[in-house]
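Observations on the model geometry
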Amino acid sequence: MASRIIPVDPFDLVVFGGTGDLARRKILPALFRRYCAGQMQDGTRIIGAARAEYDTEGYRAFVHDELVEFAGPAAQDTDQVAGFLDILDYVAIDADGELGWSELSQMLSEERVRAFYFSVGPELFGGLAERLHRHGMAHGESRIVVEKPFGHDQATARRLNETLAEHFEEVQIYRIDHYLGKETVQNLMAIRFGNMLFEPLWNSQYVDHIQITVAETVGVAGRGEYYDNAGAMRDMVQNHLMQLLCLIAMEPPSKFDPDALRDEKLKVIRALDPAGQDDIVLGQYRADATRPGYHEDVGDPDSTTESFAALRLQISNWRWAGTPIYVRTGKRLRARKSEIAVVFKETPHSIFGPEAGRHRNILTIRLQPNEGIDLDMTIKEPGPGGMRLVDVPLDMTFAKALGPDAEDVPDAYERLIMDVIRGNQTLFMRDDEVEAAWAWIDPAIVECNKRGQPPLPYDAGSSGPEEALALMHRDGRRWREIKP
Ligand code: NAD
C-alpha cells in the first residue's frame, strides 16, 4: 500500500512568529517533512516573519539547527535540508508597528495561494489581520491561520471574530485545533461513517457512557504565565476536548464537507446541558520529591488556576439522552495518554449463568501514544473447565495493521497546513462553533467560582484528585486507568 502524495501548486506561506517556540518545534519541522515527501513544487516559498533581526542566511542557519533538533531522522538527509532551506526567506517585522510590512508585500507573488500563519501571541492577531489588509496582501487567494487561544471567553472570542471578519472572509480564516489533524481523530469519522457495524449502536440505547481523557505528564513550567491565565477549562476543555466530543457525538453529516460537518458539531455543543457545580471537579498538582508543584511552576503561591478538570456532560437530544459523557484532562498525571472510550451496555441477560459474569464491549480510540483503535470483545476463556468468559481487545494499532505506511502518516500540523494550502476547512473551527463552545464553558467556570474553593490538590504522577473518581463512582461507573 504505497502512500499517495499529491503535490500542491507553488504557494507562499508566511509564518508570523517564525522564530518562536511553536514554529521551531512544530510548524517548520512539519513543513520540512512535507517538503521531503515531495508535496511542494518548485517556486514554493516559506517566509519567516518575526521581531529578530535576521537576514535570510541567518534565518536559514537558525532553522537548520531547529530541524536537526526537532525534525527527526529526516533532518539527517543533508540534500533535503539544503533544498528546504533554499525555499526559506525572512523579514524582520513589527506586528504592532510599521516595520517590515512593505518589504513583506513585495516578497509575495501575485496569482497564487498565500497563507499567513499567526504563530504569535493572541493580542497580535487583530493587528496582523488589519495590517495584511491595509498593505494589500489580503487578496482572494489569501488565507490566515489562527492559533489558540481563540479568545479568553465568549465576549473576547466574538470580538476577535469580528475583527478578523473586517479584513478576511470566513472561508479565508483557519482556526487551528491540532487535535483535529490527528490521524486517529479522522479515523474516528471513518470508523463511524465508513462501517455499518457501529452506527446502529451509536446511541443511548446501546452506549452506557463515553469517556474522553487527555492526560499529560508535563507540568506548566515554561508556559506558566499563559497557562495561569487560562487553566485547564480554557486551555483544553473549551477546544480540544469539546472538539473530540463533537466528533464522537454528532449526527452523520450528509457529506464530508466543511460546513456539513461543522453544522453537525455545532448542534452537539448547543445541545449540551449547562454544567452544575456537582458536574465539575478541578484540581491543581502538588510538588513531589523531584518536581515543583503548580504554584512554584507559575511563580504564584496564591494561584487558584486549575491544572486538572473532570466533567460530567449530558447532551440533550434523542440520540444521547441518558448517556453521560465524562471528560478529564490534566497536567503532571501518571501517564501521557489521550483516548476516547465508548463503553457499551452490558448484555441484557447472561445465558452462561452468574459465574460467567457480566461483560460489555468497549471501543477505545487511542490518540496518543500508539495511535490506534481497540474493540474489547468477550470470548470464551480457552481450555476446559466450563464456559468462562474473558474480555480481549481486537487491536488495530495502525503501525501493525498498515505496516510501513503507518510510519509515513503525517503529523497533525503537516496535514493541517497542507489543508490550508489546498483550501480545505473541514478540520478547522468555524466562528459560530468557537463562540458556542465558549458560551457553554463561561457559565461552567462561573459555577466553579461560586464554590469559593481553590482547586483540589492532587499528587504528581496520580490520576488527579480523588473527587474526580467520585464523579463517576456516584453514577456506578469507573474511569479507565491512566497507565503508561
Ligand atoms: P513564542 O513567545 O515562543 O514566540 C513568539 C513569536 O512571535 C516570536 O517569533 C516573536 O519574535 C514573535 N513576535 C512577538 N511579538 C512580535 C511583534 N510585535 N511583531 C512581530 N513578531 C513578534 O510563542 P509560541 O509559544 O511560539 O506561541 C505562538 C502562538 O502559538 C501563541 O498564540 C500560542 O498561544 C500558540 N500556541 C503555542 C503552542 C506551543 O506549544 N508553543 C501550542 C499551541 C498554541
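Values in this document were obtained by computation on a predicted structure and should not be read as measured data.

Moving on, we come to the packing of aromatic side chains. Evaluation of the coordinates by the stated rule reveals 18 aromatic pairs. With a centroid separation of 5.5 Å and 35° between ring planes, the pair formed by Tyr54 and Phe62 is classed as tilted. Judged by relative accessible area, Phe62 falls into the buried class, the value being 14%. Of the aromatic side chains, those joined through ring pairs into one cluster are Phe16, Trp101, Phe116, Phe118 and Phe125.

By the largest-angle criterion, Gly231 marks the main kink of helix H8 (residues 224-249), which is about 100°. Judged by how many residues are buried, H8 sits mostly within the fold: 22 of 26 residues are covered.

Moving on, we come to a nonpolar patch on the surface. A surface patch of nonpolar side chains, about 300 Å² in accessible area, is lined by Ile351, Phe352 and Met387. With respect to the element layout, Ile351 can be found in the loop between strand E11 (337-344) and strand E12 (362-368). Relative accessible area serves as the criterion here: at 68%, Ile351 is assigned to the exposed category.

Moving on: the pattern of salt bridges. Evaluation of the coordinates by the stated rule reveals 48 salt bridges. Salt-bridge contacts for Asp259 lead to Arg262; the nearest nitrogen and oxygen are separated by 3.3 Å. With a gap of three residues between them, Asp259 and Arg262 both fall in helix H9 (residues 258-270), about one helical turn apart. Here Asp259 falls in the partly exposed class, since its relative accessible area comes to 37%. When its relative accessible area of 2% is taken as the criterion, Arg262 is described as buried. Residue Arg430 is joined to Asp263 by a salt bridge in which the shortest nitrogen-to-oxygen separation is 2.9 Å. Taken together, the residues Arg430 in the loop between helix H13 (412-422) and helix H14 (431-450) and Asp263 in helix H9 connect sequence positions 167 residues apart. Each of Asp208, Glu346, Arg358, Arg360 and Arg477 takes part in salt bridges that share partners, so that together they form one network.

Now for the site of the ligand. Around the ligand, the surrounding shell holds 21 residues, and the nearest of these are Thr19, Asp21, Arg25, Ala95 and Val120. Here a nitrogen atom of the ligand and a side-chain polar atom of Asp94 are 3.3 Å apart. For the ligand, an oxygen atom lies 2.7 Å from a polar atom in the backbone of Val120. When isolated, the ligand has an accessible area of 820 Å², and the protein chains bury 78% of it. With three residues, the single largest contributor to the shell around the ligand is helix H1 (residues 21-36). For the shell around the ligand, the residue count by class is nine nonpolar, six polar and six charged.

This part covers the domain arrangement of the chain. Split by domain assignment, the chain resolves into domain 1 (11-147) and domain 2 (180-405 + 429-473). A separation of 34 Å is found between the C-alpha centroids of domain 1 and domain 2.

Further remarks concern the packing of helix H7 (residues 183-194) against H8. At a minimum axis distance of 10 Å, the contact between H7 and H8 shows a crossing angle of 15°. In terms of axis orientation, H7 runs roughly parallel to H8. By crossing handedness, the relation of H7 to H8 is classed as right-handed. Together, Val185, Leu188, Met189 and Arg192 of H7 and Leu244, Leu247, Ile248 and Ala249 of H8 make up the contact between the two elements. Partitioned by chemical class, the residues of the contact of H7 with H8 number seven nonpolar, no polar and one charged.

Taken in spatial order, the six strands line up as E3-E2-E1-E4-E5-E6 in an open sheet, and their pairing is parallel. In this open sheet, the two strands that pair with only one neighbour each are strand E3 (88-92) and strand E6 (173-175). Going from strand to strand, the sheet's axes swing by 20° on average, the running direction of each strand aside. Where H1 meets the sheet, its contacts fall on strand E1 (12-16), strand E2 (45-50) and strand E4 (114-118), and the angle it forms with E1 comes to roughly 170°. In the packing of helix H5 (residues 125-134) onto the sheet, the strands contacted are E1, E4 and strand E5 (142-146), and the crossing angle to E4 comes to about 155°.

With that settled, consider the nonpolar core. Side chains of a nonpolar character, in soluble globular proteins, are inclined to be buried together. In this structure, Phe16, Phe84, Phe118 and Met233 are the most contacted members of the largest nonpolar core, which totals 145 residues. When residues of this core are assigned to their parent elements, the largest contribution, 13 residues, is made by H8. If you count residues domain by domain, this core takes at least three from each of domain 1 (11-147) and domain 2 (180-405 + 429-473). Among residues more than four places away in sequence, those in contact with Phe84 are Leu28, Leu31, Phe32, Tyr35, Ile46, Val63 and Leu67.

Right, let's talk about the environment of Arg480 for a bit. Relative to the assigned elements, Arg480 resides in the segment after helix H15 (466-473). Among the residues examined, Arg480 registers a relative accessible area of 23% and is labelled partly exposed. As for Arg480 and Ala341, which are separated by 139 residues in sequence, their C-alpha atoms are 8.4 Å apart. When near neighbours in sequence (up to four residues on either side) are disregarded, Arg480 contacts Gln211, Arg328, Glu339, Ala341, Ile362 and Thr364. A polar side-chain atom of Arg480 sits 2.7 Å from a polar atom in the side chain of Glu339.

Criteria and thresholds
Residues numbered from 1 in each chain as written. Predicted model: local features only at pLDDT ≥ 70, side-chain atom pairs only at ≥ 80, totals over all residues. Heavy atoms only, no water. Phe/Tyr/Trp six-rings, centres within 6.5 Å; stacked < 30°, edge-to-face > 60°. Buried < 20%, exposed > 50% of the residue type's maximum accessible area, 1.4 Å probe, protein only. Bend = angle between axes of the 7 residues up to and from the residue. Helix = DSSP H or I, 4+ residues; strand = E, 2+ residues; numbered from the N terminus. Patch = residues over 30% accessible without salt bridge, like charges linked within 9 Å, V, L, I, M, F, W, Y side chains within 5 Å. Areas by Shrake-Rupley, 256 points an atom, 1.4 Å probe, with all protein chains shown as cover. Salt bridge = Lys/Arg side-chain N within 4 Å of Asp/Glu carboxyl O. Near = heavy atom within 4 Å. Polar contact = N/O pair within 3.5 Å; in protein donor to acceptor, adjacent residues only side chain to side chain. Nonpolar A, V, L, I, M, F, W, Y, C, P; charged D, E, K, R; others polar. Domains from an automatic or database assignment. Axes fitted to C-alpha atoms, helices over the stretch in contact; angles between N-to-C directions. Parallel < 35°, antiparallel > 145°, perpendicular 65-115°, else oblique. Left-handed = near helix turned anticlockwise from the far one by under 90°. Contact = heavy atoms within 4.5 Å. Pairing = 2+ DSSP bridges. Core = buried A, V, L, I, M, F, W, Y, C linked by side-chain atoms within 4.5 Å.

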